[in-house]
Amino acid sequence: MDILLIAGLWLDGSAWDDVVPELTALGHRPIPLTLPGQGDGAADATLDDQVAAVLAAVDAAPGRPLVVGHSAAASLAWLAADARPEKVAKVALIGGFPAADGQAYADLFAMEGGAMPFPGWGPFEGADAADLDQEARDRLASAALPVPEGVARGVVRLTDERRFDVPVVVVCPEFTPAQAKEWIAAGESPDLARATHLEYVDLDSGHWPMASRPRDLARILAEAAGS
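Residues numbered from 1 in each chain as written. Predicted model: local features only at pLDDT ≥ 70, side-chain atom pairs only at ≥ 80, totals over all residues. Heavy atoms only, no water.

In total, this model carries 12 salt bridges according to the counting rule given. We note a salt bridge from Arg-194 to Glu-161, for which the minimum N-O separation is 3.3 Å. A residue pair is termed long-range when its members are at least 10 positions apart, and Arg-194 in the loop between α7 (190-193) and β8 (198-202) and Glu-161 in the loop between α5 (149-152) and β7 (168-172) qualify at 33 residues. Its relative accessible area of 47% is what places Arg-194 among the partly exposed residues. Residues Asp-191 and Arg-163 are paired through a salt bridge, measuring 2.6 Å at the closest nitrogen-oxygen approach. Here Asp-191, found in helix α7, pairs with Arg-163, found in the loop between α5 and β7; they are 28 residues apart in sequence, far enough to count as distant. (Salt bridge = Lys/Arg side-chain N within 4 Å of Asp/Glu carboxyl O. Helix = DSSP H or I, 4+ residues; strand = E, 2+ residues; numbered from the N terminus. Buried < 20%, exposed > 50% of the residue type's maximum accessible area, 1.4 Å probe, protein only.)

In this approach the atoms are scanned with a rolling probe the size of a water molecule, which exposes any empty space left behind. Considering only enclosed or pocket space, the largest pocket measures out at about 590 Å³ in volume. Along the wall of the largest pocket there are 27 residues; nearest its centre are Ser-71, Ala-72, Gly-95, Gly-96 and Leu-108. Taken together, the residues of the lining of the largest pocket sort by class into 16 nonpolar, eight polar and three charged. In this structure, the second largest pocket spans a volume of roughly 200 Å³. Along its surface, the second largest pocket is lined by Trp-10, Leu-11, Asp-12, Ser-14, Ala-15, Asp-17, Asp-18, Arg-139, Leu-140, Ala-143, Met-210 and Ala-211. Mapped by element, the contributors of at least two residues to the lining of the second largest pocket are α4 (134-143) and α8 (209-212). Top contributing element to the lining of the second largest pocket by residue count: α4, with three residues. Per-class residue counts for the lining of the second largest pocket are seven nonpolar, one polar and four charged. (1 Å grid on protein atoms, 1.4 Å probe; cavity = no way out; pocket = protein on both sides within 12 Å on 5 of 7 lines; lining within 4 Å. Points joined across faces, edges and corners; volume = space filled by probe spheres on them. Nonpolar A, V, L, I, M, F, W, Y, C, P; charged D, E, K, R; others polar.)

This is how it looks when you write it as structure tokens:
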């Protein structure tokens, strides 16, 4: 199966470099995406541009792909399910929930010069980054790209209720499946609360398992693709 890999804020397609060979060895065709404004130099990119890039990859897949969204990009994966409910086989969300219709995509940190730079490791101390050694932190930070304001502050628009029938796998790295279920029941993700086919998979890692646990993450995604 084609597996489209969408990394979260500040990351381009290279974030999946350690996951790609593992997925390939497990018999799948991983396709890491580099999004407009996050790796192509387009400082004026918008959320619509990123959604269009994801949909182009979905449309280019010969079959029905698994669409994987990490962190904030959970919203991009869910937007793909909304726009192509008949084409997306399943959505896997790693360490994030999709924003609701009408919410900003990821207006989370301070803007500088029309973009949202990586804020350093301070906001992520604790469970998010506990499993990253200094080398991994340095590697991720040096690869981090400022996210254009037009992406971060773009408004999520969901229009097709058929998205609720697309199966969803919530991969739980820095939190547990029990916590994820609690948060969804409490209203943290109105869309996931309405998903018809929702499953949870535990992954003992921090927020960036593609860097700290690539083999385990690949196994989970391969199982999601095969089920």
